[in-house]
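Overview (structure and organization)
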Amino acid sequence: MAPPATNQQRKRRAGLSLSAIVVVVLAVVALAGALMVSHHVTDRPAPAPAPPPSRPVLDSGGWDLAAEHALASAPMAALPAHSAQPQSMTTERAGEPITVPMPAQTAGRWISGGFPATPEGALGQLTTLDEAAMRGGDPATYARGFRELALPGAPQPETTGLYSLLRSMRSSAGINPTGPIPDLTATYQVTHGQIKGITDGGRFVVACVLGQFSVDYQGQTLTAGVGDCQALRHVGGDWRISPGPLPAAAPSAWPGSADAVHAGYRDLKRGG
C-alpha cells in the first residue's frame, strides 16, 4: 500500500502545474516559429531559375499537387513568443470582417460539416474542428477529431501544432498524457481568421484561425492566443483535411492585438 505522502506529493506538483503550462504554451509557440523560419530560410538552397511555363502536374483526381504544396508550405508571418500573451487591443484592422457560414450538417455529427464550397466555408470547417477537438485539453481527443476529417494521405495529427501544444502542456504539468483530469478544463474559442490562399478552382484552401486558448486548473486560469493553419479540400460535399505536407506554422498572437493585425488576422462573424 502506498504511503499517504504519495497523494500529498501529487497535489503539491499539481499546484505548480499552471505555471509550467504558461511556460510550455509560450515555448511551443516559439518553437513553431523557429521551425517555420529554419525550414523556409536556413534549410533551403538558393532557388534555381524558373523553368518555362508548363501545364500543372495533376493527380488522378485532377488536383494540382505542385500548387497545393507550394501554397501550404509558403511561410507565414513570424512573431515573437510573447505576442501570444494577453495584451492591449488595437483599433487597427487587417481588413473587413470575414463572415463564416453555419454548418448544414449537425445531426449525429460530433464535428459539424456541410459547409459551402467557398473559402469562408473552409474557414468555418476548421473553426468547428478546432473548437470541438481542443475542448478538454486532451491530445487524444484532438487527434480523433482531426482524423475524422482527414483524407487518406493527410498529415498525422501528432505532427500538428495544436496536438504538440496539448501533449507538451500535460507532460510539463506532470499530469496524465490523455484522458480527463479532475479540476482541469480547457477551451479554444476562435475569434479571428484569414484565408492564406486558394487553388484548384477554389476546391483547395489553406485556412488559418486564431483563438483564445484557456486552461483552468484548480481555480487558476491561463489564457493565450494560439493560431492554426490547415489545408483543406472540398470533396463529396464536405471540407476535409487535405493530403500533402503540413502547412507552415500559423502565427500565434493575442486576438485583437496589433501583432494579430500585422499577421493578417481578421475578425470573424458567424452565421452568414
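Refer to the structure printed above.
Quick look at the structure, then. (Residues numbered from 1 in each chain as written. Predicted model: local features only at pLDDT ≥ 70, side-chain atom pairs only at ≥ 80, totals over all residues. Heavy atoms only, no water.)

Pairs can form between side chains of opposite charge once their charged atoms are near each other. Within this structure, the stated rule accounts for 6 salt bridges. Between arginine 233 and glutamate 68 there is a salt bridge, with the nearest N and O atoms lying 3.0 Å from each other. Linking arginine 233 in strand E4 (residues 220–235) with glutamate 68 in helix H2 (residues 65–73), this pair joins segments that are 165 residues apart in sequence. By relative accessible area, which is 7% here, arginine 233 ends up buried. Assessed through its relative accessible area of 1%, glutamate 68 is described here as buried. (Salt bridge = Lys/Arg side-chain N within 4 Å of Asp/Glu carboxyl O. Helix = DSSP H or I, 4+ residues; strand = E, 2+ residues; numbered from the N terminus. Buried < 20%, exposed > 50% of the residue type's maximum accessible area, 1.4 Å probe, protein only.)

Moving on: the state of the cysteines. Each disulfide consists of a covalent bond between the sulfur atoms of two cysteine residues. A full pass over the atoms with the stated rule returns 1 disulfide. The partner cysteine of cysteine 208 in its disulfide is cysteine 229, sulfur to sulfur 2.0 Å. Residues cysteine 208 and cysteine 229 are joined through a disulfide that is right-handed, its torsion about the S-S bond being 105 degrees. Residue cysteine 208 is found in strand E3 (residues 204–217), and its partner cysteine 229 is found in strand E4; the two are separated by 21 residues along the sequence. For the residue pair cysteine 208 and cysteine 229, the accessibility class agrees, reading buried in each case. (Disulfide = S-S within 2.5 Å.)

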